[in-house]
Amino acid sequence: SRIGGVPGVDWWRKKELSGGQAVEQTIHQFDIIRYFMGENAEPLEVFSYNGRGFIKDEEWPGYDTDDLSTTVVKFANGALGVITTGCYATSGNSFDSKVIFSTRDKRMEHKILGSTLIYGEEPPKEEAGSDGFIVKGDGALKAAGGALEYRESIDAGVLCDRTFIEAVISGDGSKIRSSYRDAFKSVAFTLACNKSMETGLPVKVELE
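Rules used in this analysis
Residues numbered from 1 in each chain as written. Predicted model: local features only at pLDDT ≥ 70, side-chain atom pairs only at ≥ 80, totals over all residues. Heavy atoms only, no water. Phe/Tyr/Trp six-rings, centres within 6.5 Å; stacked < 30°, edge-to-face > 60°. Buried < 20%, exposed > 50% of the residue type's maximum accessible area, 1.4 Å probe, protein only. Lys NZ or Arg CZ within 6 Å of the ring centre and 35° of its normal. Pairing = 2+ DSSP bridges. Helix = DSSP H or I, 4+ residues; strand = E, 2+ residues; numbered from the N terminus.

**Q** Summarise the packing of aromatic side chains; cite the residues concerned and give the values.
**A** As enumerated under the stated definition, the model contains four aromatic pairs in all. Arranged with centres 5.8 Å apart and planes meeting at 85 degrees, the rings of Tyr35 and Phe36 form a pair that is edge-to-face. Of the residues examined, Phe36 reaches a relative accessible area of 44% and is grouped as partly exposed. The interplanar angle of 40 degrees and the centroid separation of 5.3 Å between the aromatic rings of Phe47 and Tyr49 together place this pair among those described as tilted. Residue Phe47 is classed as partly exposed on the basis of its relative accessible area, which comes to 28%. When its relative accessible area of 59% is taken as the criterion, Tyr49 is described as exposed. Connected via pairs of aromatic rings, a cluster forms that spans Tyr35, Phe36 and Phe101. If you follow Arg107 out to its NZ or CZ, it ends over the ring of Tyr119, 3.8 Å from the centre.

**Q** With reference to specific residues and values, describe the pairing of strand β6 (residues 107-111).
**A** With four bridges connecting them, strand β5 (residues 99-102) and β6 associate as antiparallel partners. Opposite Ser102, over in β6, you have Arg107 as the bridge partner. Hairpin connection from β5 to β6: four residues lie between these consecutive antiparallel strands. In the sheet, β6 pairs with strand β7 (residues 115-119) via five bridges, with the strands oriented antiparallel. Directly across from Glu109, in β7, lies its bridge partner Leu117. Connecting β6 to the antiparallel partner β7 that follows it, the hairpin turn spans three residues, and Leu113 within it adopts a positive phi of roughly 55 degrees.

Set out below in structure tokens:
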């Protein structure tokens, strides 16, 4: 899920320019879902509904994109997913944006640029320090409320931007986790959702 407000730029409010929220913003969630599902569980088909009428023109003049949408995804390994996105909120109390993965005995709740909770796992006791924290690379790890918690200790957005800029300057893209070809697949995933909204029908995701 990704629920928020309307960005304060004119082009974003026009779907023909931004592609709408699923394409322009929620693609980060689509991208993470593809990354965790892996190459053998790519999205095969989507069915998306969209809704309008909650955001008024007097609030955002010229607004002509979707206020909210919900997509059902069928993956190659048989798994199903539901992705909900909306820009109707006026407060963070409206919705808790995150990606949830559920297995038979565990679940993971991931908030982009925030934290990750894994329920059904315990931290390795031999690595725990006296303060109960386990340091793993760029973050701290602890058991919290029956879950294993990873919380960001740096601004990952800055780290991503820096990695990209260094790759452009040096010509070495080996540190970039997603190639241009892979990024194209995430865009194709979101565009299939837009097509389904337009047609009212399930749409095959064309990744090639």
